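# Descriptive analysis of the structure
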Amino acid sequence: MQKRRNLGALILALACMGGTAAGAPNPVTASHGWFRYLMAQIPAGGFVALHNHTANPVTLNGVSAASCGMAMLHRSEDNSGTDRMVMVRSVAIPAHGRLRLKSGSYHVMCMQPTMRVGQTVPVIFHFSDAPDLTVPFKVYGADQRPTK
Ligand SMILES: [Cu+2]
């Protein structure tokens, strides 16, 4: 009986580890996540602001999303007027700073988007120095964008 109760407590403890433990706020948070979705055949761009609340740089080194098939980190480069995108392995978020993924800069490239305008879909960010962070991304169409 005692054993069973301990097991229950252990499972509860494990279940809580996925979220934010009380008294230990997530070192990285996100705001304003959104996708610009055009059509299923065209990769969708994802944009968000990531905030590092720690006294050390945190390295973003991956992104994944079920509704993207494959998701990647990209950066847009403006080479004499021709916009070109390169894959990015990792990017640092400065201590007590933020990294904005935005049009013309770093962004999430959602390779096989299976989403609809108006939906909110989860995107998971992976860091070398912090737990994974799941961020809700609102899906906007070509002619829309967040008002903020
Ligand atoms: Cu891209």
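Residues numbered from 1 in each chain as written. Predicted model: local features only at pLDDT ≥ 70, side-chain atom pairs only at ≥ 80, totals over all residues. Heavy atoms only, no water.

### Some details on the pattern of salt bridges
- Applying the stated criterion to the full structure yields two salt bridges.
- The partner of Arg75 in a salt bridge is Glu77, with the nearest N and O atoms 3.5 Å apart.
- Exposure remark for Arg75: the relative accessible area of 29% places this residue in the partly exposed category.
- The closest approach of N and O atoms between Arg84 and Glu77, which form a salt bridge, is 3.5 Å.
- Arg84 gets classed as partly exposed once you look at its relative accessible area, which sits at 43%. (Salt bridge = Lys/Arg side-chain N within 4 Å of Asp/Glu carboxyl O. Buried < 20%, exposed > 50% of the residue type's maximum accessible area, 1.4 Å probe, protein only.)

### Examining the coordination of the copper ion
- The coordination sphere of the copper ion, as far as protein atoms go, consists of His74 (ND1), Met85 (SD), His107 (NE2) and Met109 (SD), spread over 2.0 to 2.3 Å.
- Metal-centred angles of 91 to 118 degrees between the four donor atoms at the copper ion mark the site as tetrahedral.
- Here the donor residues of the copper ion are spaced in sequence according to H-x10-M-x21-H-x1-M. Here His74 is found in strand E4 (residues 71-79), whereas its partner Met109 is found in strand E8 (residues 106-110), with 35 residues between them in sequence. Met109 carries the same exposure label as His74, and that label is buried. (Donors = N, O, S within 2.8 Å, 3.2 Å for Na, K, Ca; no water. Tetrahedral: all angles 85-135°; square planar, octahedral: opposite > 155°, others 65-115°. Helix = DSSP H or I, 4+ residues; strand = E, 2+ residues; numbered from the N terminus.)

### Here's the deal with the packing of aromatic side chains
- As enumerated under the stated definition, the model contains four aromatic pairs in all.
- Taking 5.6 Å as the distance between ring centres and 90 degrees as the angle between the ring planes, the aromatic pair formed by Trp34 and Tyr140 counts as edge-to-face. One end of the pair, Trp34, is in strand E1 (residues 28-36); the other, Tyr140, is in strand E10 (residues 133-140), with 106 residues separating them in the sequence.
- By relative accessible area, which is 10% here, Trp34 ends up buried.
- Look at Tyr140 and you get buried, because its relative accessible area is 17%.
- Between Lys138 and the ring centre of Tyr140, over which it is positioned, the NZ or CZ distance is 5.0 Å. (Phe/Tyr/Trp six-rings, centres within 6.5 Å; stacked < 30°, edge-to-face > 60°. Lys NZ or Arg CZ within 6 Å of the ring centre and 35° of its normal.)

Remember, this is a structural readout, not a statement about activity or role.
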